[in-house]
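Reading the structure
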Amino acid sequence: MIDHKSIQSKWLSEWEKAKLFESDINEREGILVTAAFPYVDMPLHIGHLRTYGTADFYARYKRMRGFNVLYPMAFHKTGTPILAISKRIAANEPDIIDVLKKLGVEDTEVIKKMSDPYFLADYFEKITEEGMRGAGFSIDWRRKFDSINPFFSKMVEWQFSKLNEKKLLVTGEHPVGWCPNEGNAVGQHDTKGDVQPEISKLVAIKFKDSGSDKYFACATYRPETVYGVTNLFINPKAQYVIADMDGTKVYMSKDAFEILKYQFDMNLVSEINGEELLAKKAINPINGKEVPIFPGSFVKPDFATGVVMSVPSHAPFDYEELEKLKGSNYDTGLKYEDYIRCLETPDESKSTDIPALQYLNSKKKDDGSYDVEAATKDIYRDELRRGTMLVGDYKGKGVSEARESISKDLISDGNAFEVNIISNEEPVYCRCGARVVVHTVKNQWFINYGEKEWKEEAKSYVPEMLIYPEKTRNALLAAVDWIDLRAAERAQGLGTKFPFDQDHIIESLSDSTIYPMFYTISNIIFSSGAKPEQLSGEFFDYLVYGKLDANEVSKSTGIDYEVLKKCRDSFSYWYKFTSRHSASDLVFNHLTMYIYNHLAIFPEEYWPKQIVVNGLVNNEGVKMSKSLGNVIPILKGIELYGADTLRFIEIVNSDLDQVAEFSTESVNSVNQKIEYIYSVLSKIKGMSAGELRPIDFWLYSKLNRKIRDATDMVEKFNLRDAYISIFYGSVNELRYYFERGGSNSIVVNDFMSKVILMLSPVMPYNSEELWHMIGNDTFVSKQQWPEPEENLIDDSVEQLEDMLNSTIEDISNTIKLTSKIDANKGKSVKSVKIIVADDWKFKAYEKLREYKSMSKVINLPEFSTISKESLSKYLSSLIKNVNSLPDLQYSSEDEYNALDSSKDYIKSKLNGLSEVSVKREGESDSDRAFRASPTSPAIILEWN
RNA sequence: GCAGGGAUAGCAAAGCCUGGCCAAAUGCGGUGGGUUUAGGGCCCAUUCCCGUAGGGGUUCGUGAGUUCAAAUCUCACUCCCUGCACCA
């Protein structure tokens with residue numbers, strides 16, 4: 001067994017002693033590798049290892065390719081989650097304490113102290129750093145900082161002053177989830193059960209009361225069906241009110257009023273019974289038609305406005321309700337022709353002309369009742385997709401187009417307004433217990449990612465970046481196109497004050513878009529003695545644009561001239577080539593904003609060059625999440641499974657864009673192979689050098705082919721395939737080499753050292769250990785990546801091994817099949833004759849590959865001595881695969897020698913054979929000898 | 001709804017961009033065997049159907065199309081997953 005722990009701690013301290021990963025500018029080409037910094041409201045878990053590990057892999061690989069690589073790290077503390085957790089700890093909520101305990105925070109004293117958000121953040125920062133060091137990340141820790149650092153804030157302020165200069169900040173209104181009790185916005189972590197309040201938009205169409213100046217506000221998702229309204233529904237048991245909205249009096253349910261008053265400026269005029277409303281008539285604004293008000297038992301007073309327009313031809317709920325009213329005081333008396341069809345719908349069933357009924361019929365349950373919910377879902381979907389308008393201004397148009405236009409028209413004519421509602425299936429409650437409503441925030445500042453020129457620039461830049469995996473480019477393009485206004489500031493949380501509203505702080509995604517630049521100067525600034533306020537706008541203008549000269553900036557900021565120069569040199573060196581790494585969940589927010597902000601603020605030479613996006617990590621097939629309680633903190637994971645093993649599984653064991661599957665099973669499988677590699681190393685001592693045999697050349701060929709191909713794959717971030725070859729492939733090749741009798745110490749040593757080099761970016765600890773075991777006293781982390789020796793890649797030696805193995809397989813198959821023959825019952829195969837195809841077959845094979853025509857080959861003079869019959873018989877067996885015949889790199893003689901010298905091996909693979917002989921086709925008198933063909937010798941079994 | 005991704009053998013998953021060496025990698029599970037074999041591990045064989053000689057047949061969500069040739073390209077359809085605003 002390998003002692004992971006001592007290997008890890010040994011090399012970790014060696015690396016740190018040697019300051020191996022502290023990088024400064026030099027004459028070589030530089031690469032700045034950054035990963036989205038971790039949010040420190042909990043310890044890092046093994047899922048995070050994927051992103052930081054992939055970045056680390058890249059950093060280590062590029063170092064081995066001769067680049068000067070900087071991989072720095074920092075910590076994100078801005079925003080509300082840290083505050084929210086501290087608050088919950090202060091309130092002694094048992095849930096959160098449970099979660100912390102599961103995450104390995106056992107000490108109740110420590111937990112108590114975490115009611116201080118700064119303590120909590122510092123605590124997890126420390127644990128996070130420890131985890132990253134343990135994972136073997138090659139980080140330059142001199143440069144670390146966090147996002148509430150006052151120096152950092154100066155950079156963010158500068159960023160926003162630039163955005164503002166470019167008129168990319170705008171103000172406006174914005175709907176948010178809101179707690180009426182606490183009077184603040186609520187996000188996911190502020191709600192019971194951590195549900196995200198979802199806001200969706202409906203249109204409330206105003207139907208005028210025919211007997212007064214008041215309006216019924218009918219909220220609907222389907223304004224295009226307004227042509228088909230036969231009546232309105234209200235809930236007769238509910239209390240209604242008359243509300244004054246900007247001078248317009250509107251009927252709505254009392255519950256609705258209580259919710260919507262946070263969204264609209266409105267006053268309660270008076271209350272009114274639902275029953276009273278039933279006597280009224282309402283006028284449809286689209287056609288002036290007067291319609292009655294009916295009681296609707298299904299109308300929820302707390303949903304939207306509590307008033308619903310009824311479209312029985314297209315809404316199953318409305319249809320059913322009207323059917324129920326038949327025979328009551330509210331007998332509708334509607335005849336079929338009264339159901340107003342406003343859409344042509346695609347349902348082909350001709351049982352009825354009323355679409356709503358068609359869909360109800362298709363959802364009839366066993367007891368004869370309808371599944372109204374399901375019918376509604378179906379008709380909604382189908383009509384949206386394929387319905388066309390039969391009436392109105394948009395007659396002939398598709399529903400999706402008509403819906404948008406009609407609601408726009410209604411609104412601009414003052415006949416409707418938009419209503420936002422919390423659209424979660426279940427009501428959402430704030431942790432304080434109050435029900436979350438929608439509130440419209442006024443004077444909200446936004447970053448305007450919809451700004452036309454900016455968007456165009458971003459859209460044309462995305463295709464120019466290096467993006468891995470390639471399909472992320474599509475997602476990024478879509479995201480860049482889609483993103484519009486984005487709130488830039490908010491009322492609560494940790495972070496930098498918003499420059500144009502000092503009571504607010506900058507929203508935490510917006511403050512972490514250009515910060516990779518800060519890594520290039522953080523260590524210089526921190527050790528310079530400069531004060532935060534000295535990092536003025538001029539400082540950053542000088543740093544990024546080279547504006548003014550260092551003397552003047554030094555004068556105005558008081559920062560030492562040399563320090564300024566150093567900052568500028570460092571920034572302009574490192575920022576020329578940056579590689580940004582994150583998990584796929586940040587594509588639609590952080591990465592998109594990262595691109596936009598860089599484009600807006602930086603000169604083109606410092607724009608982002610490369611983005612690498614990795615998938616998430618599952619634990620035993622299940623998504624890892626705090627709430628599921630299946631996260632493994634990284635320090636614990638390293639202790640249990642070993643850092644290298646975790647790294648291997650998460651970084652290279654699955655495709656970049658796929659979910660990585662972590663399981664103890666995979667841990668075992670990787671560990672076993674690591675141990676096999678160790679065991680081979682200890683075996684080398686017992687071997688000796690000596691003359692190279694074919695199997696040695698085979699191993700060299702495999703090795704160099706591997707180096708060549710795997711390097712190509714790594715360059716394209718095709719890490720999984722590369723390491724299947726480097727790790728799994730090498731283990732298999734070594735096993736095969738020994739099985740075939742290979743035992744050359746020099747060959748094995750060469751093979752191992754190159755494989756160890758290639759393993760080192762993924763498994764730095766064990767590679768370092770193995771590297772020293774084979775007699776090196778340098779750091780493997782500082783070595784060059786191996787170069788393939790093309791002249792050692794030998795197709796023929798590999799093809800001959802393949803031929804040998806497929807021949808063995810054929811023999812084994814044949815024995816199995818023929819043992820079923822009656823004549824062979826009770827017998828076994830005594831000996832096998834292997835007959836190698838004659839040389840002319842090899843030649844004809846080549847010619848057929850070249851000409852792809854049987855007749856051409858048959859008529860070649862060189863085959864004149866061969867009987868036309870056997871020649872054509874042979875060629876016809878090849879012709880159907882003529883386009884896929886492999887290029888054979890060996891001769892009949894080679895094949896003969898390879899088989900003849902491997903008779904013992906063949907015997908060993910086929911149990912119970914007493915004799916194996918190899919003959920040339922021309923020397924054999926067997927009537928099956930003609931079947932021999934290149935790569936596929938004839939096989940003759942003898943039974944007794 | 002909008003946007004992105006997906007549907008492959010018992011399961012998971014590769015292949016699809018760049019059509020043909022694809023009955024389709026790999027892992028798990030199943031079956032048989034081996035290993036002085038408690039268990040586990042490891043090793044070998046086998047795991048769509050048929051087959052008395054290494055062969056043949058039918059497959060890659062559904063339907064159509066392009067092509068000498070389609071898991072791979074085009075179109076339509078059905079279903080599934082993820083994100084959607086203050087939340088990192």
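Up top you'll find the structure we're talking about.
Rules and cut-offs
Residues numbered from 1 in each chain as written. Chains lettered and ligands numbered in written order. Predicted model: local features only at pLDDT ≥ 70, side-chain atom pairs only at ≥ 80, totals over all residues. Heavy atoms only, no water. Helix = DSSP H or I, 4+ residues; strand = E, 2+ residues; numbered from the N terminus. Rg over C-alpha atoms; globule rule 2.2 N^0.38 Å. Buried < 20%, exposed > 50% of the residue type's maximum accessible area, 1.4 Å probe, protein only. Contact = heavy atoms within 4.5 Å. Areas by Shrake-Rupley, 256 points an atom, 1.4 Å probe, with all protein chains shown as cover. Lys, Arg positive; Asp, Glu negative; His and termini not counted. Charge placed at Lys NZ, Arg CZ, Asp CG, Glu CD. Near = heavy atom within 4 Å. Polar contact = N/O pair within 3.5 Å; in protein donor to acceptor, adjacent residues only side chain to side chain. Nonpolar A, V, L, I, M, F, W, Y, C, P; charged D, E, K, R; others polar. Pairing = 2+ DSSP bridges. Salt bridge = Lys/Arg side-chain N within 4 Å of Asp/Glu carboxyl O. Axes fitted to C-alpha atoms, helices over the stretch in contact; angles between N-to-C directions. Parallel < 35°, antiparallel > 145°, perpendicular 65-115°, else oblique. Left-handed = near helix turned anticlockwise from the far one by under 90°. Core = buried A, V, L, I, M, F, W, Y, C linked by side-chain atoms within 4.5 Å. Patch = residues over 30% accessible without salt bridge, like charges linked within 9 Å, V, L, I, M, F, W, Y side chains within 5 Å. Phe/Tyr/Trp six-rings, centres within 6.5 Å; stacked < 30°, edge-to-face > 60°. Lys NZ or Arg CZ within 6 Å of the ring centre and 35° of its normal.

1. Things to note about the overall build of chain A
- From N to C terminus, chain A includes 33 helices and 30 strands.
- For 944 residues, the compact-globule estimate of 2.2 N^0.38 gives 30 Å, and the C-alpha radius of gyration of chain A, at 38 Å, exceeds that figure by more than 25%.
- For chain A, the spread of C-alpha atoms along the three principal axes comes to 115 × 85 × 55 Å.
- Looking at chain A residue by residue over its 944 residues, the buried ones come to 53%.
- Taking contacts inside chain A between residues at least 6 apart in sequence as the whole, the part at least 24 apart equals 75%.
- A total accessible area of about 41400 Å² is found for chain A, and carbon and sulfur atoms account for 48% of it.
- Of note, chain A has its 116 positive side-chain charges centred 2 Å away from the centre of its 142 negative side-chain charges.

2. Regarding the protein's contact with RNA strand B
- The full set close to RNA strand B counts 54 residues, and Tyr39, His174, Leu485, Arg486 and Ala487 are the nearest of them.
- Here, RNA strand B places atoms within 4 Å of the protein, and 52% of those atoms are sugar or phosphate.
- Contact between RNA strand B and Gly187: a phosphate oxygen at 2.8 Å from a main-chain N or O atom of the residue.
- Measuring from a base nitrogen of RNA strand B, one finds a backbone N or O atom of Ala487 at 3.0 Å.
- When residues of the surface near RNA strand B are assigned to their parent elements, the largest contribution, 5 residues, is made by helix H28 (residues 795–818).
- Of the residues contributing to the surface near RNA strand B, the split by class is 20 nonpolar, 17 polar and 17 charged.

3. Side note on the sheet that holds strand E17 (residues 437–448)
- Pairing is antiparallel across the open sheet formed by 4 strands, whose spatial order is E4-E3-E17-E19. The sheet terminates laterally at strand E4 (184–185) and strand E19 (485–487), the two strands that pair on one side only.
- Of the strand pairs in this sheet, strand E3 (residues 169–179) and E17 are connected by 9 bridges, and their pairing is antiparallel. Looking across to E17, one finds that Val176 is bridged to His439.

4. Examining the environment of Gly327
- Mapping Gly327 onto the fold places it in the loop between helix H10 (316–325) and strand E14 (343–344).
- Taking the relative accessible area as the measure of exposure, Gly327 reaches 66% and is therefore exposed.
- Separated by 425 residues in sequence, Gly327 and Met752 place their C-alpha atoms 90 Å apart.

5. Describing the side chain of Asp696
- When you line up the elements, Asp696 lands in helix H24 (residues 694–715).
- Buried charge without a partner: Asp696 forms no salt bridge, and the closest opposite charge is Arg693, 4.4 Å away.
- Side chain to side chain, Asp696 and Tyr737 meet in a polar contact 2.5 Å long.
- With sequence-adjacent residues up to four places away left out, Asp696 is seen in contact with Glu691, Tyr737, Asn744 and Val747.

6. Some remarks on the pattern of salt bridges
- Applying the stated rule across the entire model yields 51 salt bridges.
- With a closest N to O distance of 3.5 Å, Glu789 and Lys754 form a salt bridge. In this pair, Glu789 sits in the loop between helix H27 (764–773) and H28 while Lys754 sits in helix H26 (residues 745–759), placing the two residues 35 residues apart along the sequence.
- Judged by relative accessible area, which is 35%, Glu789 ranks as partly exposed.

7. Some details on the side chain of His76
- Residue position: His76 is located in the loop between strand E2 (68–70) and helix H3 (81–90).
- For His76, a relative accessible area of 9% translates into the label buried.
- Once residues lying within four places of it in the same chain are set aside, the contact partners of His76 are Phe37, Pro38, Tyr39, Val40, Ser147, Ser508, Asp511 and Ser512.

8. Quick look at the packing of H28 against helix H32 (residues 892–900)
- Here H28 crosses H32 at 60°, and the two axes come no closer than 10 Å. If you check the angle between H28 and H32, you find them oblique. The interaxial crossing formed by H28 with H32 has right-handed handedness. Where H28 approaches H32, its residues Leu800, Met803, Leu804 and Thr807 are matched on the opposing element by Asp894, Glu895, Ala898 and Leu899.
- Each residue belonging to the contact of H28 with H32 can be placed in one class, and the counts come to 5 nonpolar, 1 polar and 2 charged.

9. Brief notes about the sheet that holds strand E30 (residues 938–943)
- The mixed open sheet is built from 3 strands, whose spatial order is E29-E28-E30. This sheet does not close on itself; its edge strands, each paired only once, are strand E29 (915–920) and E30. On average, each strand axis in the sheet is inclined to that of its neighbour by 20°, with strand direction left out of account.
- Where strand E28 (residues 829–836) lies against E29, 6 bridges are found, and the strand directions are parallel.

10. Things to note about the nonpolar core
- Counting 157 residues, the largest nonpolar core has Tyr71, Phe648, Phe662, Tyr723, Phe727, Met752 and Ile906 as the members making the most contacts within it.
- Broken down by element, this core gets its largest block of residues, 11 residues, from helix H25 (residues 719–739).
- Apart from the residues within four sequence positions on either side, Phe662 is in contact with Ile46, Val617, Asn618, Asn619, Glu620, Gly621, Ile632, Tyr641, Leu646, Ile649 and Val667.
- Met155, Trp158, Ile521 and Met593 belong to the second-largest nonpolar core, a separate cluster that totals 68 residues.

11. Some words on a negative patch on the surface
- A contiguous patch of negative charge on the surface is contributed by Glu198, Glu373, Glu425 and Glu426.
- By secondary structure assignment, the location of Glu426 is in the loop between strand E16 (416–422) and E17.
- Owing to a relative accessible area of 61%, Glu426 belongs among the exposed residues under this scheme.

12. Quick notes on the packing of aromatic side chains
- Per the counting criterion, the structure on display carries 49 aromatic pairs.
- When the centroid spacing of 5.4 Å and the interplanar angle of 75° are considered together, the rings of Phe233 and Phe298 count as edge-to-face. Residue Phe233 is found in strand E7 (residues 231–234), and its partner Phe298 is found in the loop between strand E12 (290–295) and strand E13 (307–310); the two are separated by 65 residues along the sequence.
- The rings of Phe37, Phe145, Phe151, Phe152, Tyr515, Phe518, Tyr519 and Phe526 are connected pair by pair, giving a single aromatic cluster.
- Above the ring of Phe738, the side-chain terminus of Lys683 is found at 4.0 Å from the ring centroid.

13. A few points about the pairing of E12
- Bridge analysis of E7 against E12 gives 3 bridges, and the strand direction is parallel. Counterpart to Leu232 in the pairing with E12 is Ile293.
- The pairing of strand E11 (residues 281–283) with E12 spans 3 bridges and is antiparallel. Its bridge partner being in E12, Ala282 is matched across the sheet by Val291.

Bear in mind that shape data such as this cannot, by itself, settle questions of function.
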